[in-house]
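Coordinate inspection notes
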Amino acid sequence: MVDFAHSPRSTLGVEWELALLDGESLDLTPAAETLLADVAERAPEFEKRIVGEMLTNTIELVTGVQTTVSDIAEDLATSMGALRTLTEARGIELMSAGTHPFAQWQMQEVRAKDRYLELVDRTQWWGRNMLIFGVHVHVGIDSRDKVLPIINALLSYVPHLQALSASSPFWGGTDTGYASNRAMMFQQLPTAGLPFQFDSWPAYEKYVSDMLTTGIIDHLNEIRWDIRPAPNWGTVEVRVCDGLPTLEEITAITAFIQCLVDDFSARLDAGETLPTMPDWFHDENKWRAARYGMEAIIIENAEADERLVTECIADELDRLAPVAERLGCARELASITGLMERGVPYQRLEDVFHTTGSLTEVTRSLIRDLRTSYV
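Below you will find a few notes about this structure. Computed from a prediction, not measured in an experiment: that's the story for all the values here.

Before going further, it helps to examine the overall build of the chain. Tallying secondary structure elements over the chain gives 14 helices and 13 strands in all. Computed over its C-alpha atoms, the radius of gyration of the chain comes to 20 Å, within 12% of the 21 Å expected for a compact globule of 375 residues. Projected onto its principal axes, the C-alpha coordinates of the chain cover approximately 55 × 45 × 35 Å. Buried positions account for 58% of the 375 residues belonging to the chain. Of the contacts formed within the chain by residues at least 6 apart in sequence, a portion of 76% connects residues at least 24 apart. Roughly 15400 Å² of accessible area belongs to the chain as shown, and the carbon and sulfur atoms make up 50% of that amount. Charged side chains of the chain number 31 positive and 58 negative; the gap between the two group centres comes to 2 Å.

Closest axis-to-axis distance for the helix H13 (residues 345-356)/helix H14 (residues 359-371) pair is 8 Å, and the angle between their directions is 140°. Here H14 runs oblique to H13, going by the angle between their axes. Judged by the twist between their axes, the crossing of H13 over H14 is right-handed. Side by side, H13 and H14 meet where Arg348, Leu349, Val352, Phe353 and Thr356 of the first sit next to Leu359, Glu361, Val362, Ser365, Leu366 and Asp369 of the second.

Right, let's talk about the pattern of salt bridges for a bit. Inspection of the entire model under this criterion finds 29 salt bridges. Ionic pairing is found between Asp262 and Arg9, a salt bridge with its closest N-O pair at 2.9 Å. You can see Asp262 sitting in helix H9 (residues 247-269) and its partner Arg9 sitting in the segment before strand S1 (12-22), a full 253 residues away along the chain. With relative accessibility at 2%, the residue Asp262 sits in the buried group. For Arg9, a relative accessible area of 30% puts it in the partly exposed group. Put simply, Lys206 and Asp210 hold a salt bridge, and the shortest N to O gap is 2.8 Å. Residue Lys206 and its partner Asp210 are both found in helix H8 (residues 201-213); the two are separated by four residues, about one turn of the helix. Classification of Lys206 by relative accessible area gives partly exposed; the value is 48%.

Scanning the model with the defined rule gives 17 aromatic pairs in all. These aromatic residues form a ring-pair network of at least three members: Phe4, Phe196, Phe198, Trp201, Tyr204, Tyr207 and Trp225.

With that settled, the discussion passes to the environment of Pro190. Tracing the sequence through the fold places Pro190 in the loop between helix H7 (181-186) and strand S8 (192-193). Under the relative-accessibility criterion, Pro190 is labelled partly exposed at 30%.

Moving on: unusual backbone geometry. The backbone phi angle of Thr191 is positive, close to 70°, even though this residue is not glycine. As for its placement among the helices and strands, Thr191 is situated in the loop between H7 and S8. The phi dihedral of Ala304 is positive, around 70°, even though this residue is not glycine. Assignment of secondary structure puts Ala304 in the loop between strand S12 (297-299) and strand S13 (306-308).

Summarising the element assignment, Ala166 is placed in the loop between helix H6 (158-165) and strand S6 (170-171). Using a relative accessible area of 0% as the deciding quantity, one classes Ala166 as buried. With 141 residues separating them in the primary sequence, Ala166 and Arg307 have C-alpha atoms 19 Å apart. With sequence-adjacent residues up to four places away left out, Ala166 is seen in contact with Ala179, Ser180, Asp242, Pro345 and Tyr346.

Of all eleven residues in helix H5 (residues 144-154), eight are buried, a share of seventy percent or more. Buried within H5 are the following residues: Lys146, Val147, Leu148, Ile150, Ile151, Asn152, Ala153 and Leu154. Elements that come into contact with the buried residues of H5 comprise H6, H8, strand S10 (227-230), strand S11 (235-238), H9 and helix H10 (279-292).

Tracing the backbone shows Gln187 in the loop between H7 and S8. Residues Gln187 and Trp225, spaced 38 residues apart in sequence, show a C-alpha to C-alpha distance of 8.3 Å. Setting aside residues no more than four positions away along its own chain, Gln187 makes contact with Ala192, Gly193 and Lys286. A polar side-chain atom of Gln187 sits 3.0 Å from a polar atom in the side chain of Lys286.

We now examine the nonpolar core. In globular proteins that are soluble, nonpolar side chains generally tend to be buried together. If you look at the biggest cluster of nonpolar residues, it comprises 92 residues, and the most contacted ones within it are Trp16, Leu154, Ile227, Val236 and Leu333. Considering every element that reaches this core, the biggest residue donor is H9, with eleven residues. Counting residues in hydrophobic clusters, the runner-up holds 29 residues, among them Leu21, Ala97, Tyr116 and Phe133.

Residues of helix H1 (residues 32-42) that are buried include every one of Ala32, Leu35, Leu36, Asp38 and Val39, and no others. An end-on view of H1 places all buried positions within 155° of arc, on one side of the element.

What counts and how
- Residues numbered from 1 in each chain as written.
- Predicted model: local features only at pLDDT ≥ 70, side-chain atom pairs only at ≥ 80, totals over all residues.
- Heavy atoms only, no water.
- Helix = DSSP H or I, 4+ residues; strand = E, 2+ residues; numbered from the N terminus.
- Rg over C-alpha atoms; globule rule 2.2 N^0.38 Å.
- Buried < 20%, exposed > 50% of the residue type's maximum accessible area, 1.4 Å probe, protein only.
- Contact = heavy atoms within 4.5 Å.
- Areas by Shrake-Rupley, 256 points an atom, 1.4 Å probe, with all protein chains shown as cover.
- Lys, Arg positive; Asp, Glu negative; His and termini not counted.
- Charge placed at Lys NZ, Arg CZ, Asp CG, Glu CD.
- Axes fitted to C-alpha atoms, helices over the stretch in contact; angles between N-to-C directions.
- Parallel < 35°, antiparallel > 145°, perpendicular 65-115°, else oblique.
- Left-handed = near helix turned anticlockwise from the far one by under 90°.
- Salt bridge = Lys/Arg side-chain N within 4 Å of Asp/Glu carboxyl O.
- Phe/Tyr/Trp six-rings, centres within 6.5 Å; stacked < 30°, edge-to-face > 60°.
- Polar contact = N/O pair within 3.5 Å; in protein donor to acceptor, adjacent residues only side chain to side chain.
- Core = buried A, V, L, I, M, F, W, Y, C linked by side-chain atoms within 4.5 Å.
- Arc of directions from axis to C-beta.

Dropping the structure here:
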């Protein structure tokens, strides 16, 4: 049995992966272990908030359980401030995007943790290529019976979230032609990519049991779907998004996800059956959003109607406005409109590159965006 913990409805938690950069070259630097030691010595109250990840070039900020998006923003800003004090002392810069624009995967170090070393040993070239950064948003679900219907319904919003967060057009010094190259890279790992659509919790439990029995996974968290149940926390975890360069974008995306999940929860309480689409529609939508970003034309329902993703997002912002008012995140949800007008991350990065011809300047713009977004 896979037990699902009790969690108050629509509570929040966010994980924000940050790249560690050498202050002079702006290339990635393997400084995570040093910084984690600094946290333990100089800011021990943040040891559960500032943590390591698979690569030694990455630090992750992890929030506590919060009720509102504004609480998430305050939590992340506080942790960022503590981390910044430590990085400044060591000449380290910070940025967040789906990928570093020019760093080379061959030069990166894997943290000496069994689960990371086993992953790379098993997946070899693809595992070593995972030079990517993301944002994960947890939303509390108050009944296990809601989890799978909500995940199945959320799949239709993968292209919305992918397009809004796309920030990885460059990888290893190459212009990939994709708004989110990270999306295409990450799904190459076993058990990554879009989730299967299960009709019942026992069917999901059978899947987990089979995965454990056949040795495909050793632990539940090795199922790395773009959207997955997080039974230990009692949440649905949305892992679609590229690393986001600014705190404003984090809060906007978090508000969007919280509103979607809470709306689905309310509709289930009212006896409604949530809409779904065939798996191949979701596969196609993910590819279109990763490739074309805000210019993607997506499949928006089971009848195969298609529209520009920006039109679909605009309609959802209007539809979810009353939900946002109730949850206290109306301002953050509405900010998505302004972010779209100014340019979502990959569009800003491409503009810098087309203006300067320099991926170093692209990287510098990410450092600047992050530095000015939370002070």
